[in-house]
Amino acid sequence: MNNFSDFLLVRRSVTAKKMQPIEVKDEHLQKIISAGIRVPDHGALAPWKVTVFKDKEREKFGKNFLGKRFRELNPNATEDEVLFEENRFLRAGVVISVISSPVEHRKIPIWEMQLSSAAVCQNILISAQSLGYAAQWLTEWYSYDDFIIKSLGASSNDKISGFIYIGGKNEQPKERTRPIHSKIVSYWKGD
Ligand SMILES: Cc1cc2nc3c(=O)[nH]c(=O)nc-3n(C[C@H](O)[C@H](O)[C@H](O)COP(=O)(O)O)c2cc1C
């Protein structure tokens, strides 16, 4: 591969289900986060919150928040189902949550701040993948749950843009269906 553009043409996400919860080197994590927050951001407002879950904290968040909340929402859930929720973050070595946290601005619309938050997610994802890690951008049920959103220190206008799971891969993922250029892209020919 000659350059980053070639990498973007072949990179793939590895599902959290298939990744290995290997340690993400601190040096790599710092790089991934720095790349993550180096994104286009109209007005340099930095309207995001980034939280890293690693080591024992992955399990603690699972037990104290994901599992607990899941049980509350699903009183008939089996112990296995609750255990799965408690262990969600243990599927990865590191999980990074990205919250869109728009600020008041007289000119810049909230939509643009939210778009910038998606760029943070994408940069984290491709930075981790470019370093050879397995990574996936997930929202799942807990991104839309008020209790979980609050537990991450989010305020009322905030939304979770995603959780980026980062781990190791055992095998290269198979290609998935990709969009057909001609159906998506057109070249404007006007007068
Ligand atoms: C905002 C957002 C949320 C997503 N949430 C989920 C999810 O909850 N569950 C899931 O299976 N895939 C989810 N995906 C899709 C996965 O990230 C999927 O692996 C990805 O689209 C594969 O693309 P890639 O191989 O081009 O990276 C989400 C994608 C985005 C952009």
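Just so you know, these numbers come straight off a predicted model, no measurement behind them.

Novice: For this particular structure, what's the right way to read the overall build of the protein chain?
Specialist: Along the protein chain, the regular secondary structure elements total seven helices and four strands. The N-to-C order of helical and strand elements in the protein chain reads α-α-β-α-α-β-α-β-α-β-α. In terms of overall dimensions, the protein chain has a C-alpha envelope of 65 × 45 × 35 Å along the principal axes. Each of the 191 residues in the protein chain was classed as buried or not, and the buried ones make up 30%. Across the protein chain, contacts joining residues at least 24 apart in sequence account for 81% of those joining residues at least 6 apart.

Novice: Explanation requested: the site of the ligand in the structure shown.
Specialist: Residues in close proximity to the ligand include R12, S13, T15, Q136, W137, L138, T139, E140, G162 and R176, which together make up its full environment. Of all the elements, strand β3 (residues 134-138) adds the most residues to the shell around the ligand, at three residues. A class-by-class count of the residues in the shell around the ligand yields two nonpolar, five polar and three charged.

Novice: Please clarify how the nonpolar core should be interpreted in this entry.
Specialist: As a rule of thumb, nonpolar side chains are buried together in soluble globular proteins. In terms of nonpolar packing, the biggest core is built from 32 residues, with A135, I164, Y165 and I166 touching the most fellow members. Non-local contacts of Y165, meaning those with residues more than four positions away in its chain, are made with A16, M19, R91, A92, V95, A135, Q136 and L138.

Novice: Sorry if this is basic, but what is going on with the pairing of strand β4 (residues 159-167) here?
Specialist: Taken residue by residue, a regular strand's side chains alternate between the two faces of the sheet. Most of β4 is tucked away: eight of the nine residues are buried. As paired strands, strand β2 (residues 94-100) and β4 are joined by seven bridges and run antiparallel to one another. Counted as the bridge partner of V95 is Y165 from β4.

How each quantity is defined
Numbering of residues starts from 1 in every chain and runs along the sequence as written. Residue-level local features of this predicted model are given only where pLDDT is at least 70; pairs of side-chain atoms are given and counted only at 80 or more, and the full residue set underlies all totals for whole chains, interfaces and linings. Only DSSP runs of H or I covering at least 4 residues are called helices, and only runs of E covering at least 2 are called strands; the numbering of each starts at the N terminus. Any residue whose C-beta has 12 or fewer other C-beta atoms within 10 Å is treated as exposed, any with 20 or more as buried, and any in between as partly exposed, C-beta atoms being built from the backbone. C-beta atoms are placed from the backbone for every residue, and two residues are taken to be in contact when these atoms lie within 7 Å. Any residue whose C-beta atom, as placed from the backbone, lies within 6 Å of a molecule or strand is termed near it. Only Asp, Glu, Lys and Arg are considered charged, only Ala, Val, Leu, Ile, Met, Phe, Trp, Tyr, Cys and Pro nonpolar, and every remaining residue, Gly among them, polar. Nonpolar cores are identified as sets of buried Ala, Val, Leu, Ile, Met, Phe, Trp, Tyr and Cys residues joined via C-beta atoms within 7 Å. A pair of strands is labelled paired if DSSP reports no fewer than 2 bridges between them.

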